[in-house]
Amino acid sequence: MLLSDGDLQAIWLTVRLASIVTLILLLMGTPIAWWLARTKSRWKGPIGAVVALPLVLPPSVLGFYLLLAMGPRGLVGQLTHALGIEALPFTFGGLVVASVFYSLPFMVQPLQNAFESVGDRPLEVAATLRATPIDAFFTVAVPLAAPGFLTASILTFAHTVGEFGVVLMIGGNIPGVTRVASVQIYDHVEALEYSHAHHLSGIMLVFSFLVLLALYVWRPSPKKGA
Amino acid sequence: MFGAQVQRRELKMSGIHARFQLDWPGFTLDVDLQLPATGVTALFGHSGSGKTTLLRCMAGLERAPKGCLSINGDVWQDENQWIPIHKRPLGYVFQEASLFDHLSVIGNLQYGRKRVTDHQKVSLEQAIELLGIGHLLDRKPDRLSGGERQRVAIARALAVSPRLLLMDEPLAALDLKRKREILPYLERLHRELEIPIIYVSHAPDEVARLADYIVAMEDGRVLVQGPLSETLTRTDLPIKIGEDACAIIETTIGEVDANWHLARVDFPGGRLWFRDPGLAVGSRVRVRVLARDVSLARQPPEQSSIQNVLLGQVDAVGEDEHPGLAIVRVRIGASKLVARLTKRALADLKLESDQDVWIQVKSVALME
């Protein structure tokens, strides 16, 4: 067996984390992307910048602030305490919350682009065909933006799989709880178990390549005419 | 005074009453229209004249802060209410077909249809048949030609059984060939459906062919409005659709002379011969007579190459664009033609109102 039980556990945890984060971000990111794509508000710029922050912010900085917020004296920490939920740092839940922030732009930006390229016209047409705005959103905007949803989901999933810094800051390194694949590799290297590190790294490399290959091969061809 | 108010109300009950005021940077729309609730009304004007904006206001795609709109007494917008577009019983055809690319043709047709409950005016089959798209139903929009796409878009708008059909330059994005392909379908809508159509266009030939009523717009205002032929033959404010003043006569083919390849159109007051367009006797046609092709004489002309000679009366005289030219409107029974004369000819002939005059028509064009 190439992979140890610890490796398999880490991979399973990573997949679980990435799936949950992708699902949450589909629900959370879609309305944000929709708003950003359609608003004429002066808040579009600032909100867009905030969403994009994790793209440029060092993960440790994001992790540090999230840790403070989730800690016993942070706002989120006090909230979880008041609600009787266990403190988020060093839990799987904490990891999910942190990853949602960290991967937010990878969901929002492709979706925003997709919604923007759908444009106003199909929604106007839908309205003249008696569709309410919500109806038009689900029956016209979402199907027309379907390639964007696929791209955004793949990117979000892959990016969550690949995160390391934020996980280390928020989740630490607890087997089966917060020790995801990237952290497991780090552990292997720390322990000079290079062959183990090789196997897991190889899997990550192949996975990442396949994801990008899928994105580039399936990229929808530009639409013809109006 | 009370009577006038009642009359005004009755006027509002039938027909389309549209009043909109809109102030955008660099553009103002200010119109107050009373339009017939039957036939085709053309909103005619150059780009930037506000015709599309007016149409979008009527649809509810733009919300004019000050506006009133009622269709046969049903209020869609006034000071107190604004019915959102998806609740207005209208059909809208955009300049580009704007089909839903993720749906097949039949999916597009059914999109609106399954969202309405009142299917009385138009059946789905009728919409498909009227636009001749029965063989395209299973296709995806990207497998259609430009003309086919626009026909599907028109059928889609009809399939919701609208009480008002709004069309925003539906032919402007098409080349001449596709335009020719679609115009007959539009004429069929006009003839076979009892849905009032508001048709935005800057193309004179479309207006001449389709419109019953014309609203000419300029800079967000109404320049002149009225029934098509009456408005075109106005001498005080001549509206030209195309380069030249003209009259449009709605008529039928009365006789075809196969020997000389000629056809005769009959209209109230007269008949005109022109080259045979190949239509059956009884076909409804519109013909256009340009003012420059009409000359007037005090005596019946003899042995002239111009064989269309009608007796009529001088109706009105007006200025043409050039100071040396005048436009004379003549009555032939219930129909009217316009003639362009030099002012000297006008003076020499000593034409006066209601005077009998011989009208020579050099050329008649079928609108197609």
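The residue count restarts for each chain, going from 1 along the sequence in the order it is written. For naming, the first written chain is A and the first written ligand is 1, with later ones following in the order written. Only residues with pLDDT of at least 70 get local features here, since the model is predicted, and only at 80 or more are side-chain atom pairs given and counted; chain-wide, interface and lining totals rely on the full set of residues.

## Some details on the overall build of chain B
Part 1: Scanning chain B from terminus to terminus reveals 9 helices and 20 strands.
Part 2: Atoms counted for the radius of gyration: C-alpha only. Globule rule: 2.2 Å times residue count to the power 0.38. Relative to the globule expectation of 21 Å for 368 residues, the C-alpha radius of gyration of chain B, 23 Å, shows essentially globular dimensions.
Part 3: With the C-alpha coordinates aligned to their principal axes, the bounding extent of chain B is approximately 65 × 60 × 40 Å.
Part 4: Labels follow a simple rule on C-beta atoms placed from the backbone: if 20 or more others lie within 10 Å of a residue's own, it is buried; if 12 or fewer, it is exposed; otherwise it is partly exposed. The proportion of buried residues among the 368 residues of chain B is 41%.
Part 5: Two residues qualify as being in contact provided that their C-beta atoms, derived from the backbone, are within 7 Å of each other. Summarising the internal contacts of chain B: among those between residues at least 6 apart in sequence, 66% fall at separations of at least 24. In this description a helix means any DSSP run of H or I spanning at least four residues, a strand means any run of E spanning at least two, and both kinds are numbered starting from the N terminus.

## As for unusual backbone geometry
Part 1: In the Ramachandran plot, Arg130(A) falls in the positive-phi region, its phi being about 75° despite a non-glycine side chain.
Part 2: Mapped onto the elements, Arg130(A) comes out in the loop between α6 (121-128) and α7 (133-144).
Part 3: The class of Arg130(A) is buried, set by 22 C-beta atoms lying within 10 Å.
Part 4: Here His261(B), not a glycine, exhibits a phi torsion of approximately 55°, which is positive.
Part 5: By the C-beta count within 10 Å, which is 10 here, His261(B) ends up exposed.

## Quick look at the domain arrangement of chain B
Residues and elements named next belong to chain B.
Part 1: If you check the domain split of chain B, you get domain 1 (11-232) and domain 2 (246-366).
Part 2: Domain ranges listed in this record stem from an automatic or a database domain assignment. Taking the mean C-alpha position of each, domain 1 and domain 2 sit 33 Å from one another.
Part 3: Across the contact, 5 residues belong to domain 1 and 7 residues belong to domain 2.
Part 4: Mapped by element, the contributors of at least two residues to the side of domain 1 that touches domain 2 are α7 (204-210) and α8 (228-232).
Part 5: Sort the elements by how many residues they give to the side of domain 1 that touches domain 2 and α8 lands first, with 3 residues.

## Some words on the pairing of strand β12 (residues 262-267) of chain B
Residue and element names in this part refer to chain B.
Part 1: Pairing of strand β11 (residues 246-257) with β12, which is carried by 5 bridges, proceeds in the antiparallel orientation. Among the inter-strand pairings, Asp257 is bridged to a residue of β12, identified as Leu262.
Part 2: In this sheet, strand β13 (residues 270-275) lies alongside β12 in antiparallel orientation, the contact comprising 6 bridges. In the strand pairing of β13, Ala263 is matched with Phe274.
Part 3: When DSSP finds two or more bridges between two strands, those strands count as paired. A loop of 2 residues connects β12 with β13, the two strands running antiparallel in sequence, and Gly269 in this loop sits at a positive phi of about 115°.

## Describing the interface of chain B and chain A
Part 1: On the chain A side, the residues contacting the 19 residues of chain B number 16 residues.
Part 2: Those elements giving two or more residues to the side of chain B that touches chain A turn out to be β6 (90-93) and α3 (105-113) of chain B.

## Describing the sheet that holds strand β17 (residues 325-332) of chain B
Residues and elements named next belong to chain B.
Part 1: The antiparallel open sheet is built from 5 strands, whose spatial order is β15-β19-β16-β17-β18. Looking at strand neighbours, the two that pair on one side only are β15 (294-297) and β18 (335-342), the edges of this open sheet. Strand after strand, the sheet turns through a mean of 45° between neighbouring axes, direction not considered.
Part 2: Here strand β16 (residues 308-319) pairs with strand β19 (residues 356-361) via 6 bridges, running antiparallel. Across the sheet, the residue bridging to Asn308 is Val361, located in β19. Between N-to-C directions, angles cover 0 to 180 degrees, with each direction set by a line fitted to C-alpha atoms, over the stretch in contact for helices.

## Examining the environment of Arg298(B)
Residue and element names in this part refer to chain B.
Part 1: Take Arg298: it is sitting in the loop between β15 and β16.
Part 2: Look at Arg298 and you get partly exposed, because 13 C-beta atoms sit within 10 Å.
Part 3: Sequence spacing of Arg298 and Arg191 is 107 residues, and the spatial spacing of their C-alpha atoms is 40 Å.

## Details of the packing of helix α3 (residues 59-70) of chain A against helix α5 (residues 92-118) of chain A
Residue and element names in this part refer to chain A.
Part 1: In contact at an axis separation of 11 Å, α3 and α5 are set at 135° when each is read in the N-to-C sense. In terms of orientation, α3 and α5 fall into the oblique class. In this structure, the crossing between α3 and α5 has a hand that is right-handed. Listed contacts from α5 to Pro59, Leu62, Gly63, Leu66 and Met70 of α3 are Gly94, Ala98, Phe101 and Tyr102.
Part 2: Under the scheme applied, nonpolar residues are Ala, Val, Leu, Ile, Met, Phe, Trp, Tyr, Cys and Pro; charged residues are Asp, Glu, Lys and Arg; polar residues are all the others, including Gly. Tallied by class, residues from the contact of α3 with α5 come to 7 nonpolar, 2 polar and no charged. Angular relationships are summarised with four words: roughly parallel below 35 degrees, roughly antiparallel beyond 145, roughly perpendicular across 65 to 115, and oblique for the angles in between. Handedness of each helix crossing follows the sense of rotation of the near helix against the far helix: counterclockwise by less than a right angle gives left-handed, clockwise gives right-handed.

## Thoughts on the nonpolar core
Part 1: Counting residues in hydrophobic clusters, the biggest one holds 149 residues, and the most contacted among them are Ala42(B), Ala155(B), Leu166(B) and Val338(B).
Part 2: A per-element tally of this core places α5(A) first, with 13 residues.
Part 3: For this core, the two domains that each supply at least three residues are domain 1 (11-232) and domain 2 (246-366) of chain B.
Part 4: Beyond its immediate chain neighbours, meaning those up to four positions away, Leu166(B) contacts Leu55(B), Met58(B), Ala59(B), Leu90(B), Gly91(B), Tyr92(B) and Ile198(B). Remark: nonpolar core denotes a set of buried Ala, Val, Leu, Ile, Met, Phe, Trp, Tyr and Cys residues whose joining runs through C-beta atoms within 7 Å.

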